[in-house]
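Chain by chain, the residues:
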Amino acid sequence: MTTTAAFHPYQLSASEISKLVRSGEVKLSDLAEFYLDRTRSIAPRLNSHIYFDANSVESQISVLGERVKAGEDLPMAGVPVLVKDNICTRDMPTTCASRMLKNFRPTYDAFVVERLRKAGAIIFGKTNLDEFAMGSSNENSSFGPVYNPWDLTRVPGGSSGGSAAAVAADLAPVALGSDTGGSIRQPAAFCGVYGLKPTYGAVSRYGLISYASSLDQIGTFARSVIDTAMVYDVIASHDPRDSTSRRGSSPELINSLAHLKSGLKGLRIGIVTELFGSGLDESVNSSIRDAVRVFQSMGAEIHDVSVPSLRHSVSSYYLIATAEASANLARYDGIRFGHRTTEQVNQLKEVYKYSRQEGFGREVKQRIMLGTFALSSGYYDAYYGKATQMRRQIARDFNLAFERVDVLLSPVAPTTAFKIGEKIDDPLTMYLGDICTLGVNLAGLPAMSVPCGYDHQNLPIGMQLIGRPLSEKELLTTALAYENEVGSSLKRQPAL
């Protein structure tokens, strides 16, 4: 396989690409040409990319080719990777899909981008997102909505919808996203790919533009469990520049997963009963129950488990996250950071007013105002204070559940991908759709979206696996055993 004509969509995984590049069986130029052509053809239809430059890809390949010849240790040699556009890249813009940062070009790479480049990956571009990662549908971008490759009239999920849609359409085998309340897992479920949200602190947030600092976590999209593990191995490492980064070396999961036996004898899986209640689409419930039976057939023990405080996760999350957003986004004042108004104004407060009015979109303004109110004098204890108390209770309830089981299982979202525009004017309904994912972020736990079927409209369904802190290996092992049993989740591809 040494010519572009030999490549076909979905043919190669990231791990296979790396092996073939290192062995010389695949030329970097042919690989790049295939993905560049595919991006030019499909990305505009999905609106998945904010930045894409063939010259940047070609310059990276030139340098990488010399490193391959020199025999460097490059676990991701030649692997195309897309990066959500709230993660800093020194040679590409980082806009957060906002007019506020329309012209921002960082002078440095985020820690995860440094690690990917060191491992030999090629950064193929920056993906679209809900503005400042605030949204669950990817309709809030100042660059326009992203379209789901399974049905172009539907959302891909948010806020990392560009990354999820691009991986589902094979514009790159893997991509990075960020997850503050489900922004990796929900798009992964809606687009039929794997999405890993690591333990809080397992992956450095250095270079991630903050939405809610105590909740944000960088993670991975991929079309296989092995590829998910490959990227996690590369990006999970201690970083002294991030005070929340956990100490410890990279987990090196991919080698252990490569020799996994298919059985799960003795694994205790807990079904989170609170997340299977009213509002859950029957097709989602049916597909996840079928997956549970597959786990049982492999020897896993299935238990019903209660995490009662999850019923308060939506209200707690949207107070804590918006309060932190209000503080984090205060820096964008038109003077020190961000867009500055061209209006002729005479007072400093008018600079602030017009710059922020022009720079921020509706959803961002809405969340800033909610967070500012929650932190204001006279309301702090009644709202933000109570939310932080409930956050601790949610973490305690998860800990109690893990005394009985090893892994928790739930839906990722109550429904499959909904129509573009269907919920955009009803923020409460949109927020309630995050019920299955928010508690994980509040407790700082790792979780993974695993494709497990399709509904009657051929839209993908995802189940969520939740683990104890730093149990990514157990989650990936469980997901891989399921994948080995039922076959690849992407036997059917989006009809683009």
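Residues numbered from 1 in each chain as written. Predicted model: local features only at pLDDT ≥ 70, side-chain atom pairs only at ≥ 80, totals over all residues. Heavy atoms only, no water.

*Asks:* Explain the pairing of strand S7 (residues 268-272) to me, please; I cannot follow it from the model alone.
*Replies:* Remember that side chains alternate between the two faces of the sheet whenever the strand is regular. Burial of S7 is extensive: four of the five residues sit out of reach of the surface. As judged from the five bridges shared by S7 and strand S8 (residues 301-305), these two strands associate in the parallel manner. Directly across from isoleucine 271, in S8, lies its bridge partner aspartate 304. Once the chain exits S7 it traverses helix H9 (residues 282-297) before rejoining the sheet at S8, and the crossover so formed is right-handed. (Buried < 20%, exposed > 50% of the residue type's maximum accessible area, 1.4 Å probe, protein only. Helix = DSSP H or I, 4+ residues; strand = E, 2+ residues; numbered from the N terminus. Pairing = 2+ DSSP bridges. Right-handed = clockwise from strand over helix to strand, strands pointing away.)

*Asks:* Would you take a moment to explain the domain arrangement of the chain for this structure?
*Replies:* It is common to give the size of an interface as the accessible area that goes away when the parts come together. On domain assignment, one finds that the chain holds domain 1 (1-310 + 389-496) and domain 2 (316-374). The C-alpha-based centres of domain 1 and domain 2 are spaced at 29 Å. With 28 residues of domain 1 in contact, the opposing surface of domain 2 contributes 23 residues. Of the roughly 2200 Å² buried where domain 1 meets domain 2, counting both sides, 58% is carbon and sulfur surface. Taken together, domain 1 and domain 2 are joined by one salt bridge. Measuring nitrogen to oxygen at the nearest pair gives 3.5 Å for the salt bridge that ties arginine 362 to aspartate 425. Where domain 1 packs against domain 2, one counts 15 residue pairs in polar contact (both at pLDDT 80 or more). Of all the elements in the fold, those that place two or more residues in the side of domain 1 that touches domain 2 are helix H13 (381-401), helix H14 (427-432) and helix H15 (438-443). Counted by class, the side of domain 1 that touches domain 2 contains 14 nonpolar, nine polar and five charged residues. (Domains from an automatic or database assignment. Contact = heavy atoms within 4.5 Å. Buried area = accessible area lost by both parts, 1.4 Å probe. Salt bridge = Lys/Arg side-chain N within 4 Å of Asp/Glu carboxyl O. Polar contact = N/O pair within 3.5 Å; in protein donor to acceptor, adjacent residues only side chain to side chain. Nonpolar A, V, L, I, M, F, W, Y, C, P; charged D, E, K, R; others polar.)

*Asks:* Explain the packing of helix H4 (residues 111-118) against helix H7 (residues 225-235) to me, please; I cannot follow it from the model alone.
*Replies:* Between two packed helices, what matters for the description is the angle formed by their axes and the separation of those axes. With their axes 8 Å apart at the nearest point, H4 and H7 run at an angle of 110° to one another. Classified by the angle between their axes, H4 and H7 sit roughly perpendicular to one another. Crossing of H4 over H7 shows right-handed handedness. Every residue of H7 that contacts H4 at Phe111, Val112, Arg115 and Leu116 is listed here: Val231, Asp233, Val234 and Ile235. Grouping the constituent residues of the contact of H4 with H7 by class yields six nonpolar, no polar and two charged. (Axes fitted to C-alpha atoms, helices over the stretch in contact; angles between N-to-C directions. Parallel < 35°, antiparallel > 145°, perpendicular 65-115°, else oblique. Left-handed = near helix turned anticlockwise from the far one by under 90°.)

*Asks:* What am I meant to see in helix H11 (residues 348-359) here?
*Replies:* A turn of α-helix holds 3.6 residues, and therefore any two residues three or four places apart point the same way. For H11, spanning twelve residues, the distance from its first C-alpha to its last is 16 Å, which sits close to the expected 16 Å at 1.5 Å a residue. Turning to H11, its buried residues number three or more, namely Val351, Ser355 and Gly359. All buried residues of H11 lie within an arc of 35° about the axis, which places them on one face of the element. (Expected span 1.5 Å × (residues − 1). Arc of directions from axis to C-beta.)

*Asks:* Mind showing me how you'd approach the side chain of aspartate 434 here?
*Replies:* Topologically, aspartate 434 is positioned in the loop between H14 and H15. Within the buried core, aspartate 434 has no salt-bridge partner, and the shortest N-O distance to an opposite charge, that of arginine 367, equals 5.8 Å. (Lys, Arg positive; Asp, Glu negative; His and termini not counted.)

*Asks:* Sorry if this is basic, but what is going on with the environment of serine 278 here?
*Replies:* In this fold, serine 278 is placed in the loop between S7 and H9. Residue serine 278 is classed as exposed on the basis of its relative accessible area of 82%. On a C-alpha basis, the gap between serine 278 and proline 414 in space is 9.1 Å, while along the polypeptide they are 136 residues apart.

*Asks:* Just checking my understanding: could you explain the packing of helix H10 (residues 313-328) against helix H12 (residues 362-375) for this structure?
*Replies:* Where H10 meets H12, the axes come as close as 7 Å, and the angle between the chain directions of the two elements is 100°. Accordingly, the angle class assigned to the pair H10 and H12 is roughly perpendicular. Listed contacts from H12 to Tyr318, Leu319, Thr322, Ala323 and Ser326 of H10 are Arg367, Ile368, Leu370, Gly371, Thr372, Ala374 and Leu375.

*Asks:* When you look at a nonpolar patch on the surface in this model, what are you seeing that I'm missing?
*Replies:* A cluster of nonpolar residues, Ile335, Leu348 and Tyr352, forms a patch on the protein surface that exposes about 270 Å² of accessible area. Mapped onto the fold, tyrosine 352 is located in helix H11. Classification of tyrosine 352 as partly exposed rests on a relative accessible area of 33%. (Patch = residues over 30% accessible without salt bridge, like charges linked within 9 Å, V, L, I, M, F, W, Y side chains within 5 Å. Areas by Shrake-Rupley, 256 points an atom, 1.4 Å probe, with all protein chains shown as cover.)

*Asks:* Sorry if this is basic, but what is going on with H4 here?
*Replies:* All of the buried residues along H4 are Phe111, Val112, Val113, Leu116 and Arg117. Turning to H4, the residues buried within the fold contact helix H3 (54-69), strand S2 (80-84), strand S3 (122-127), strand S4 (174-178), strand S6 (218-222) and H7. At the exit of H4 stands glycine 120, carrying a positive phi of roughly 95°.

*Asks:* Before we go on, may I ask you to explain the pattern of salt bridges in this structure?
*Replies:* Oppositely charged side chains may form a pair once their charged atoms are brought near each other. Inspection of every chain in the model, using the stated rule, returns 18 salt bridges. Residue aspartate 242 pairs with arginine 205 through a salt bridge whose shortest N-O separation is 3.9 Å. With aspartate 242 in the loop between H7 and helix H8 (254-258) and arginine 205 in the loop between strand S5 (194-197) and S6, this residue pair connects regions lying 37 residues apart in the sequence. Judged by relative accessible area, aspartate 242 falls into the buried class, the value being 7%. Its relative accessible area of 14% is what places arginine 205 among the buried residues. Measuring nitrogen to oxygen at the nearest pair gives 3.0 Å for the salt bridge that ties aspartate 406 to arginine 268. A residue pair is termed long-range when its members are at least 10 positions apart, and aspartate 406 in the loop between H13 and strand S9 (407-411) and arginine 268 in strand S7 qualify at 138 residues. Judged by relative accessible area, aspartate 406 falls into the buried class, the value being 13%. The exposure class assigned to arginine 268 is partly exposed, which follows from its relative accessible area of 25%.

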